Amino acid sequence: MTLPAALIATPVDVERAAELRRVKWLATGVLAATFIIFIAAKALLPVHPVFGFIAAFAEAATIGGLADWYAVVALFKRPLGLPIPHTAIIQSNQARIAEKLGEFIENNFLESGPVEAKLREIDFGSFIADWLRDRKRSEDLARFVLRMLPEAFAATESSGLMQFISRRVTTQVLSIDLAPLAAGALRGFVQEGKHGGLLDDILRVLHQTLTQQETMAVIRDKVRAEMPTLLRLYRADKFVVNRIIASATKFFEEVRNDPQHPFRGEFDRMLLSFVDRLGSDKAFADRIDGLKRDLMARPELANLGRTIWANVKDFIERSASGESQVLQHQLARMLVEAGDALDGDTDLRGEINQGLVAILRTVVAEQKSGVSGFIADQMKSWDMEQLISLIEVNVGKDLQYIRFNGALIGGLAGLALYTLEYTLRLL
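Residues numbered from 1 in each chain as written. Predicted model: local features only at pLDDT ≥ 70, side-chain atom pairs only at ≥ 80, totals over all residues. Heavy atoms only, no water.

Peer 1: Would you take a moment to explain the overall build of the chain for this structure?
Peer 2: Within the chain one finds 20 helices and zero strands. When contacts within the chain are restricted to residue pairs at least 6 apart in sequence, those whose partners lie at least 24 apart make up 72%. A total of about 27,800 Å² of accessible surface is found on the chain, and carbon and sulfur atoms cover 64% of it. (Helix = DSSP H or I, 4+ residues; strand = E, 2+ residues; numbered from the N terminus. Contact = heavy atoms within 4.5 Å. Areas by Shrake-Rupley, 256 points an atom, 1.4 Å probe, with all protein chains shown as cover.)

Peer 1: Would you explain the confidence of the model for the chain in this entry?
Peer 2: With 80% of its residues at a pLDDT of at least 70, the chain reaches an overall mean of 76. Mean pLDDT in the chain bottoms out at helix H1 (residues 5-8), which sits at 47, and peaks at helix H7 (residues 124-133), which reaches 89. Counting interchain partners and residues more than four positions distant, the pLDDT-below-50 stretch residues 1-8 has 16 contacts. Confidence drops under a pLDDT of 50 for residues 230-234, and excluding neighbours within four residues, the segment shows four contacts in the predicted structure. (pLDDT = per-residue confidence, 0-100.)

Peer 1: So what exactly am I meant to see when it comes to the pattern of salt bridges here?
Peer 2: Pairing between side chains of opposite charge can happen when their charged atoms approach one another. Applying the stated criterion to the full structure yields 12 salt bridges. Ionic pairing is found between arginine 135 and glutamate 139, a salt bridge with its closest N-O pair at 3.1 Å. Of this pair, arginine 135 and glutamate 139 both sit in helix H8 (residues 135-158), four residues apart, which is roughly one turn of the helix. Classification of arginine 135 as partly exposed rests on a relative accessible area of 37%. We classify glutamate 139 as partly exposed; its relative accessible area is 25%. One continuous salt-bridge network, built from bridges that share partners, spans Asp130, Arg133, Asp340 and Asp343. (Salt bridge = Lys/Arg side-chain N within 4 Å of Asp/Glu carboxyl O. Buried < 20%, exposed > 50% of the residue type's maximum accessible area, 1.4 Å probe, protein only.)

Peer 1: It is not clear to me how the environment of valine 115 should be interpreted in this structure. Could you clarify?
Peer 2: In this structure, valine 115 sits in helix H6 (residues 112-120). On the basis of relative accessibility, which here comes to 10%, the residue valine 115 falls in the buried class. Put simply, valine 115 and leucine 360 are 245 residues apart on the chain and 8.8 Å apart in space, counted from C-alpha to C-alpha. Once residues within four sequence positions are removed from consideration, valine 115 is found in contact with Phe109, Leu110 and Val364.

Peer 1: Explain the packing of H7 against helix H19 (residues 346-381) here, please?
Peer 2: Each pair of packed helices can be described by the angle between their axes along with the distance between the axes. Remark: H7 packs on H19, axes separated minimally by 7 Å, with the N-to-C direction vectors making an angle of 115 degrees. The angle between H7 and H19 falls in the class roughly perpendicular. On H19, the residues touching Phe124, Gly125, Ser126 and Ile128 of H7 are Arg349, Ile352, Asn353, Leu356, Val357 and Leu360. Of the residues assigned to the contact of H7 with H19, the class counts are six nonpolar, three polar and one charged. (Axes fitted to C-alpha atoms, helices over the stretch in contact; angles between N-to-C directions. Parallel < 35°, antiparallel > 145°, perpendicular 65-115°, else oblique. Nonpolar A, V, L, I, M, F, W, Y, C, P; charged D, E, K, R; others polar.)

Peer 1: Just to check I follow, could you spell out the side chain of glutamine 328 for this structure?
Peer 2: Checked against the element boundaries, glutamine 328 lands in helix H18 (residues 326-343). Take glutamine 328: its relative accessible area is 9%, and that puts it in the buried class. With near-sequence residues (within four places) excluded, glutamine 328 lies in contact with Glu139, Ala142, Arg143 and Leu146.

Have a look at this one:
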């Protein structure tokens, strides 16, 4: 496997390679110069004793430079192509270096402690809020979601997921005992006093119904049918109907205008009695359960569900195709509003941060061995010549300076030893 071209052909690497070649030539020139100086100083040694010191320095500098040249070259390749043991160290230990690098990253970079500490430095909540508040990003996200929705709808239909969901929903609805729920809801309705408004509405509707001409005509016909013939001749039915309507209207007004009217108390007791029976009477529970099952079994309900699904799917497809922009604009607006709300809610951002830290910490802990293995496998498959070229381009310049240091330190050491030897000879 070759390394990505971007890693070995960037302008920076080209510049570093040119600088490396220059330093290599300079180091080689220094080595050649010390060797020439050594030869010249040895030849001039009979002329003056000072040339002995120069020769000692140059000789040791040449040896030190050669030794460090060997060490630097042996790190990357075999010196002069010779099969010398313990050379081409990087090439010979490619697999071990890969394993150790993967192990090092796993143990020092992917441990739960450092990972969690680093993750806690990141404010994920603020990042999400800022991202959503950007109108263009929210519009792009809304457009992306809309493009995915038709495929999701199609996958849901073809996979049988809809039938599964429908069966599950039906099963869950049928398993719900509605009687206690209805009793609890009605009891709360009464305890909060909302039934008073309901009673007022009922009385208002009754009043309006009784005072309509059609209703009065129906009541009058009923009363006339029950009255003796003699009373009909005197139109007593009209008088009776008017009295009934007047009495009923007066009663309705009294109840509506008097919050403490006795009828309201009777209405309260009637409702509470009904609530008690609804929550405890099995007959009521069975009746409600029967109504629920009859309703769920109605084909109209299934047809309604299919119609709603088809309409929603058609609307989504038209929105995804760009025929309608309504849903996209609404979704983008909701995302922006969610970003604004999240930006102003410190507690929610904190909960998001804690949740993401916990999730990512777990993911890293579970996958870190796989990451280290992946790094090791990648390094094992690299072309070592290219890898060595990459390493040499980036650190080779510093390694070449070792040759300069070797020549200097070796020369100084040789000069010191020669000086010591010369001094001992004089004694």
